[in-house]
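Residues per chain, in single letters:
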Amino acid sequence: DAKTTQPTSMDCAEGRAANLPCNHSTISGNEYVYWYRQIHSQGPQYIIHGLKNNETNEMASLIITEDRKSSTLILPHATLRDTAVYYCIVRVAGSGNTPLVFGKGTRLSVIA
Amino acid sequence: GAVVSQHPSWVICKSGTSVKIECRSLDFQATTMFWYRQFPKQSLMLMATSNEGSKATYEQGVEKDKFLINHASLTLSTLTVTSAHPEDSSFYICSAREQGAIDGYTFGSGTRLTVV
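Residues numbered from 1 in each chain as written. Chains lettered and ligands numbered in written order. Predicted model: local features only at pLDDT ≥ 70, side-chain atom pairs only at ≥ 80, totals over all residues. Heavy atoms only, no water.

Sorry if this is basic, but what is going on with the overall build of chain B here?
Each helix and strand counted, chain B has 0 helices and 11 strands in total. N-terminal to C-terminal, the α/β element order of chain B is β-β-β-β-β-β-β-β-β-β-β. For chain B, the C-alpha radius of gyration of 13 Å lies close to 13 Å, the compact-globule estimate for 116 residues. Taken across its 116 residues, chain B has 50% of its residues classed as buried. Sequence-distant contacts in chain B: of pairs separated by 6 or more residues, those separated by 24 or more amount to 54%. Accessible surface for chain B amounts to roughly 5,700 Å². Of this, 52% is attributable to carbon and sulfur atoms. Of the charged side chains in chain B, 10 are positive and 10 negative; the average position of the first set lies 6 Å away from that of the second. (Helix = DSSP H or I, 4+ residues; strand = E, 2+ residues; numbered from the N terminus. Rg over C-alpha atoms; globule rule 2.2 N^0.38 Å. Buried < 20%, exposed > 50% of the residue type's maximum accessible area, 1.4 Å probe, protein only. Contact = heavy atoms within 4.5 Å. Areas by Shrake-Rupley, 256 points an atom, 1.4 Å probe, with all protein chains shown as cover. Lys, Arg positive; Asp, Glu negative; His and termini not counted. Charge placed at Lys NZ, Arg CZ, Asp CG, Glu CD.)

Here you go:
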């Protein structure tokens with residue numbers, strides 16, 4: 001799986017959009033970008049994933065650059081409950097018997 | 001959606017005793033489950049891959065005789081920390097993926113183990 005680089009930490013004001021960047025310059029053509037988050041003392045939670053088109057669901061939006069070397073996770077209206085560590089993971093979809101490998105992620109603090 | 005139940009949520013045990021952690025897929029079958037360990041302020045580290053009906057595959061540096069994994073059914077995997085010591089105190093998390101699903105892995109809520 002390709003390596004990803006994320007900022008160590010970020011702050012965001014409550015109610016504002018949180019934009020979390022991820023660099024994955026060595027991504028392969030068949031690798032997807034996945035985002036998970038981990039709220040303190042809980043297991044990770046799936047957020048969203050995409051291949052090359054922008055994706056949106058009830059939790060977030062994922063913007064992938066045209067060259068696919070980077071992406072941004074957007075939480076449109078951050079709340080205090082969005083404070084968590086966010087992990088960007090690149091892997092081939094459908095490789096179900098291989099585990100997710102977590103990097104250090106970005107610690108997002110949403111401030112009132 | 002898929003749910004993975006992990007028990008207990010927290011446990012305190014004495015040094016030298018053993019602790020069993022259960023991981024159940026509630027509404028799907030999981031031929032493969034994964035066990036992670038997480039120390040404070042660190043990321044999740046994969047310990048082992050649990051395969052139903054066969055031996056688990058351990059990551060380098062993880063003692064298979066200390067961390068016993070059993071995956072006897074398609075919905076249950078257990079991790080037993082044997083002869084626990086204070087350095088085994090950590091947050092243990094299991095994960096499973098529903099066959100055919102492409103939208104991600106489901107994680108248990110984690111078990112906080114404290115060895116005193």
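Help me understand the sheet that holds strand S7 (residues 67-73) of chain B, please; the structure alone is not making it clear to me.
Remark on secondary structure: sheet strands pair via backbone hydrogen bonds, oriented parallel or antiparallel. Residues and elements named next belong to chain B. With antiparallel pairing, 4 strands are arranged side by side in an open sheet as S1-S3-S8-S7. On the outer flanks of this sheet lie strand S1 (4-7) and S7, each paired with one strand and no other. Put simply, the sheet's adjacent strands are angled 15 degrees from each other on average, direction ignored. Pairing analysis gives 6 bridges linking strand S3 (residues 19-25) to strand S8 (residues 76-81), with the strands arranged antiparallel. Considered in S8, the bridge of isoleucine 21 is made with leucine 79. (Pairing = 2+ DSSP bridges. Axes fitted to C-alpha atoms, helices over the stretch in contact; angles between N-to-C directions.)

Any chance you could explain the state of the cysteines here in plain terms?
Working definition of a disulfide: a covalent bond connecting the sulfur atoms of two cysteines. Scanning the model with the defined rule gives 2 disulfides over all chains in all. With its sulfur 2.1 Å from that of its partner, A:Cys22 forms a disulfide with A:Cys88. Looking along the S-S bond of the A:Cys22-A:Cys88 disulfide, the torsion reads about -80 degrees, which is the left-handed sense. Note that A:Cys22 is positioned in strand S2 (residues 18-23) and A:Cys88 in strand S8 (residues 84-92), a separation of 66 residues in sequence. With respect to burial, A:Cys22 and A:Cys88 carry one shared label: buried. A sulfur-sulfur distance of 2.0 Å marks the disulfide that ties B:Cys23 to B:Cys94. (Disulfide = S-S within 2.5 Å.)

Whenever I open this one, the pattern of salt bridges confuses me. Can you help?
Here the idea is simple: oppositely charged side chains can pair when their charged atoms come close. All names here are of chain A. Considering all chains together, one arrives at 3 salt bridges over all chains under this definition. Put simply, arginine 37 and aspartate 82 hold a salt bridge, and the shortest N to O gap is 2.8 Å. Of the two residues, arginine 37 sits in strand S3 (residues 31-38) while aspartate 82 sits in the loop between strand S7 (70-75) and S8, which places them 45 residues apart along the sequence. This pair shows no difference in class: arginine 37 is buried, exactly as aspartate 82 is. (Salt bridge = Lys/Arg side-chain N within 4 Å of Asp/Glu carboxyl O.)

Help me out: how do you make sense of the nonpolar core in this one?
Generally speaking, soluble globular proteins have nonpolar side chains that are buried together. With 24 residues, the main nonpolar core has B:Trp35, B:Phe67, B:Leu79, B:Tyr92 and B:Leu113 as its most contacted residues. Ignoring sequence-local partners within four residues, the contact set of B:Tyr92 consists of B:Gln6, B:Ile21, B:Tyr36, B:Arg37, B:Met47, B:Phe67, B:Leu79, B:Gly110, B:Thr111 and B:Leu113. Counting 21 residues, the second largest nonpolar core, distinct from the first, contains A:Cys12, A:Ala18, A:Ile47 and A:Val110. (Core = buried A, V, L, I, M, F, W, Y, C linked by side-chain atoms within 4.5 Å.)

Sorry, what's going on with the sheet that holds strand S1 (residues 9-13) of chain A here?
All names here are of chain A. The 5 strands are arranged S1-S9-S8-S3-S4 in an open sheet whose pairing can be described as mixed. Both edges of this open sheet fall to S1 and strand S4 (45-50), since each of them pairs with a single strand only. Across the sheet, the mean angle separating the axes of adjacent strands is 25 degrees when strand polarity is ignored. As defined by bridge partners, S3 adjoins S4 across 5 bridges and the pair is classed as antiparallel. For tryptophan 35, the partnering residue across the bridge sits in S4 and is isoleucine 48.

It is not clear to me how the side chain of B:Thr82 should be interpreted in this structure. Could you clarify?
Note on placement: B:Thr82 falls in the loop between S8 and strand S9 (90-96). Discounting chain neighbours no more than four positions away, the residues touching B:Thr82 are B:Thr17, B:Ser18, B:Asp65, B:Lys66 and B:Leu68.

It is not clear to me how the interface of chain A and chain B should be interpreted in this structure. Could you clarify?
A common way to express how large an interface is: the accessible area buried when the components associate. Counting residues at the interface gives 21 residues for chain A and 21 residues for chain B. Carbon and sulfur atoms make up 53% of the area that chain A and chain B hide from each other, which totals about 1,600 Å². Inspection of the chain A/chain B interface yields 7 residue pairs in polar contact (both at pLDDT 80 or more). Elements supplying a minimum of two residues to the side of chain A that touches chain B: S3, S4 and S8 of chain A. Per-element tally for the side of chain A that touches chain B: the top contributor is S3(A), with 3 residues. (Buried area = accessible area lost by both parts, 1.4 Å probe. Polar contact = N/O pair within 3.5 Å; in protein donor to acceptor, adjacent residues only side chain to side chain.)

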